[in-house]
Amino acid sequence: MRSDWVTSYKVMVSNDSHTWITVKNGSEDMIFVGNEEKEIPVLNELPVPLVARYIRISPRTWYEEGSICMRLEILGCPLPG
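Per an unreviewed UniProt entry, the chain is named Inactive carboxypeptidase-like protein X2, and its organism is Sphaerodactylus townsendi.

In structure tokens:
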């Protein structure tokens, strides 16, 4: 059976789908840690709250015996006022 999963990724956000900003951890692009194996979910949180209309996930590394495959859920909250 083939196994595919992403082991690290970057997140970019945009409000117009043309200008993208990479989520940073201080002054460095934040690299999120993905799965170490295919069955256990991984929870990652943004370092600070963001307002964005579009979100882009950019896989950086993946399981070496497979290919890029990723399922995700984005949890948000309403803006005050």
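Still more to cover.
Turning to the overall build of the chain, a few remarks are in order. When its secondary structure is counted, the chain shows zero helices and six strands. Helices (α) and strands (β) of the chain occur, in sequence order from the N terminus, as β-β-β-β-β-β. C-alpha extents for the chain along the principal axes are approximately 50 × 25 × 25 Å. When the 81 residues of the chain are sorted by exposure, 22% land in the buried category. Taking the intrachain contacts of the chain between residues at least 6 apart in sequence as the baseline, contacts between residues at least 24 apart amount to 65%. Of the accessible surface of the chain, which amounts to about 6,600 Å², a share of 53% is contributed by carbon and sulfur atoms. Distance from the positive charge centre (8 side chains) to the negative charge centre (11 side chains) of the chain: 8 Å.

Our focus in this paragraph is the side chain of Lys10. Along the chain, the position of Lys10 falls in strand E1 (residues 6–14). Look at Lys10 and you get buried, because its relative accessible area is 16%. Among the polar contacts made by the side chain of Lys10, one reaches the side chain of Asp29 at a distance of 3.1 Å.

So, on to the nonpolar core. In this structure, Val6, Tyr9, Val11, Val13, Val23, Met30 and Phe32 together form the largest nonpolar core, which totals seven residues. The leading source of residues in this core is E1, at four residues. Apart from the residues within four sequence positions on either side, Tyr9 is in contact with Met30, Ile31, Phe32, Val33, Gly34, Asn44, Ile57, Ser58, Pro59, Arg60 and Met70.

Next up on the list: unusual backbone geometry. Unusually for a residue other than glycine, Ser17 sits at a positive phi of about 70°. Along the chain, the position of Ser17 falls in the loop between E1 and strand E2 (21–22).

A few words now on the confidence of the model for the chain. Close reading of the predicted structure is inappropriate where its pLDDT is low. Mean pLDDT over the chain works out to 93, with 100% of the residues at or above the 70 mark. Of all helices and strands in the chain, the one with the weakest mean pLDDT is strand E3 (residues 24–25) (94), whereas E2 scores best (98).

Right, let's get into the environment of Val23. Looking at the secondary structure, you find Val23 in the loop between E2 and E3. Taking the C-alpha atoms as reference, Val23 lies 8.3 Å from Pro47; in sequence the two are 24 residues apart. The contacts of Val23, once residues within four sequence positions are left out, are Val11, Val13, Glu28, Asp29, Met30, Phe32, Leu46, Pro47 and Leu50.

Conventions we followed
Residues numbered from 1 in each chain as written. Predicted model: local features only at pLDDT ≥ 70, side-chain atom pairs only at ≥ 80, totals over all residues. Heavy atoms only, no water. Helix = DSSP H or I, 4+ residues; strand = E, 2+ residues; numbered from the N terminus. Buried < 20%, exposed > 50% of the residue type's maximum accessible area, 1.4 Å probe, protein only. Contact = heavy atoms within 4.5 Å. Areas by Shrake-Rupley, 256 points an atom, 1.4 Å probe, with all protein chains shown as cover. Lys, Arg positive; Asp, Glu negative; His and termini not counted. Charge placed at Lys NZ, Arg CZ, Asp CG, Glu CD. Polar contact = N/O pair within 3.5 Å; in protein donor to acceptor, adjacent residues only side chain to side chain. Core = buried A, V, L, I, M, F, W, Y, C linked by side-chain atoms within 4.5 Å. pLDDT = per-residue confidence, 0-100.

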